[in-house]
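Structural overview for review
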Amino acid sequence: YTTLFRSIGWLSHVEGAISGANGHKATMRVAGKLIQFFRLDFETALRCMKVWNGTCEPEWSETELCHKLRSAVKNMDKYIRENP
């Protein structure tokens, strides 16, 4: 399986984020997993997040999704140090 296929499979089992119920944390987890664990490039991760976003209540704006993905990219070194 390709990394993209595996990441889509994983994402299909992730419940959508819900405002007021740790929605930010759940969305950051998805962004981090796509960037740091599956190692998707930014554009591919954004496309995946846009599909998953349809399950969120309310949906995140593209600007908000990009912000979370940029944060996941920025924290990549920390992830690598903690998860060799």
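Preceding this section is the structure that the text describes.
Values in this document were obtained by computation on a predicted structure and should not be read as measured data.

To continue, consider the packing of aromatic side chains. Summed over the entire model, instances satisfying the criterion amount to two aromatic pairs. With a centroid separation of 5.9 Å and 50° between ring planes, the pair formed by Trp-10 and Phe-38 is classed as tilted. Here the residue Trp-10 occupies a position in helix α1 (residues 3-11), and Phe-38 occupies one in the loop between α2 (23-37) and α3 (42-53), the gap between them amounting to 28 residues. The pair formed by Trp-10 and Phe-38 is uniform in burial state, with each residue classed as buried. Where Phe-37 meets Phe-38, the ring centres are 5.0 Å apart and the plane angle is 85°; that geometry is what we call edge-to-face. Taken together, the aromatic side chains of Trp-10, Phe-37 and Phe-38 make up a single cluster linked through ring pairs. Here Lys-33 stacks its cationic end above the ring of Phe-37, 4.5 Å away from the centre of that ring.

Parameters at a glance
Each residue is numbered by its place in its chain's sequence as written, counting from 1. The model is predicted, so local features are restricted to residues of pLDDT at least 70 and side-chain atom pairs to those at 80 or more, both for listing and for counting; the totals for chains, interfaces and linings are taken over all residues. No hydrogens and no water enter the side-chain calculation; it runs on all heavy atoms of the structure. Ring pairs shown here join Phe, Tyr and Trp side chains whose ring centres sit within 6.5 Å, with only the six-membered ring taken for Trp; geometry is labelled stacked below 30 degrees between planes, edge-to-face above 60, and tilted in between. Starting at the N terminus, helices and strands are each numbered in turn, a helix being any DSSP run of H or I of at least four residues and a strand any DSSP run of E of at least two. When accessible area is computed with a 1.4 Å probe and restricted to protein chains, residues below 20% of their type maximum are described as buried, those above 50% as exposed, and intermediate ones as partly exposed. We call a charge positioned above a ring when the Lys NZ or Arg CZ atom is no farther than 6 Å from the ring centre and deviates by at most 35 degrees from the ring normal.

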